[in-house]
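Remarks on the overall topology
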Amino acid sequence: MNSDLKSKLEILASNYSKPFCYSCYQVCPTGRCQSCGSDDLMRSTPNGCEYGLDWVINEILNEKLVPVNTEEAFEESVRSTLEKETVTIGWMSFDAVTIMKELDPISWKIAKSEYETIEESEGNIVSFDNGSTY
Ligand SMILES: [Zn+2]
């Protein structure tokens, strides 16, 4: 994960969660506990409380992240480069993208993974597990 993204996620996580004093078991919006004066505070979310922001980031990612449908996005981008979306052979018309996929699925897969790599390097999609999901 690049550091720019990481710092954005940390800001998001600290806005999403609230400082929480575990000894007094209360939220401390000011960052210091009103009751005991401690600034050694946990972060709390609707799902629990714990020290640090990493777990808050994970919670946000698990709950709020929308997986990108790269198959669909790639199809769209291929379609936009085609002169015609249908191919006619004899009296039959075929959807160009569908027959591309069916006739040479390996070539399709390779081109799709190149597309994902480019999208990732341009920052349009982000992978948190080396490409298993985006
Ligand atoms: Zn306290």
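Residues numbered from 1 in each chain as written. Predicted model: local features only at pLDDT ≥ 70, side-chain atom pairs only at ≥ 80, totals over all residues. Heavy atoms only, no water.

Here's the deal with the overall build of the protein chain
Helices and strands together make up the secondary structure of the protein chain, namely 5 helices and 6 strands. Taken over the C-alpha trace, the protein chain has a radius of gyration of 24 Å; the compact-globule value for 134 residues is 14 Å, which it surpasses by more than 25%. When the backbone C-alpha atoms are referred to their principal axes, the protein chain occupies close to 85 × 25 × 20 Å. Here the protein chain, with 134 residues, has 26% of them falling under the buried criterion. Taking the contacts inside the protein chain whose residues are at least 6 apart along the sequence as the reference set, 42% of them involve residues at least 24 apart. Of the accessible surface of the protein chain, which amounts to about 9,400 Å², a share of 52% is contributed by carbon and sulfur atoms. (Helix = DSSP H or I, 4+ residues; strand = E, 2+ residues; numbered from the N terminus. Rg over C-alpha atoms; globule rule 2.2 N^0.38 Å. Buried < 20%, exposed > 50% of the residue type's maximum accessible area, 1.4 Å probe, protein only. Contact = heavy atoms within 4.5 Å. Areas by Shrake-Rupley, 256 points an atom, 1.4 Å probe, with all protein chains shown as cover.)

Observations concerning the packing of aromatic side chains
Counted under the stated rule, the structure contains 4 aromatic pairs. Here the aromatic residues F20, Y22 and Y25 are joined through ring pairs into a cluster of three or more. (Phe/Tyr/Trp six-rings, centres within 6.5 Å; stacked < 30°, edge-to-face > 60°.)

Side note on the coordination of the zinc ion
Around the zinc ion, the donor atoms from the protein are C21 (SG), C24 (SG), C33 (SG) and C36 (SG), and they sit 2.2 to 2.3 Å away. Metal-centred angles of 109 to 110° between the 4 donor atoms at the zinc ion mark the site as tetrahedral. Look at where the donors of the zinc ion fall in the sequence and you get C-x2-C-x8-C-x2-C. Here the residue C24 occupies a position in the loop between β1 (18-21) and β2 (26-27), and C36 occupies one in the loop between β2 and β3 (42-45), the gap between them amounting to 12 residues. A relative accessible area of 43% places C36 in the partly exposed class. (Donors = N, O, S within 2.8 Å, 3.2 Å for Na, K, Ca; no water. Tetrahedral: all angles 85-135°; square planar, octahedral: opposite > 155°, others 65-115°.)

Looking at the domain arrangement of the protein chain
Parsing the protein chain into structural domains produces domain 1 (3-64) and domain 2 (70-121). In this structure, domain 1 and domain 2 have C-alpha centres spaced 45 Å apart. (Domains from an automatic or database assignment.)

Comments concerning the pairing of strand β5 (residues 86-89)
As paired elements, β5 and strand β6 (residues 92-95) share 4 bridges and run antiparallel to each other. Bridge pairing in β6 links V87 to F94. If you look at the hairpin formed by β5 and β6, you'll find 2 residues sitting between the two strands, and G90 has a positive phi there, around 60°. (Pairing = 2+ DSSP bridges.)

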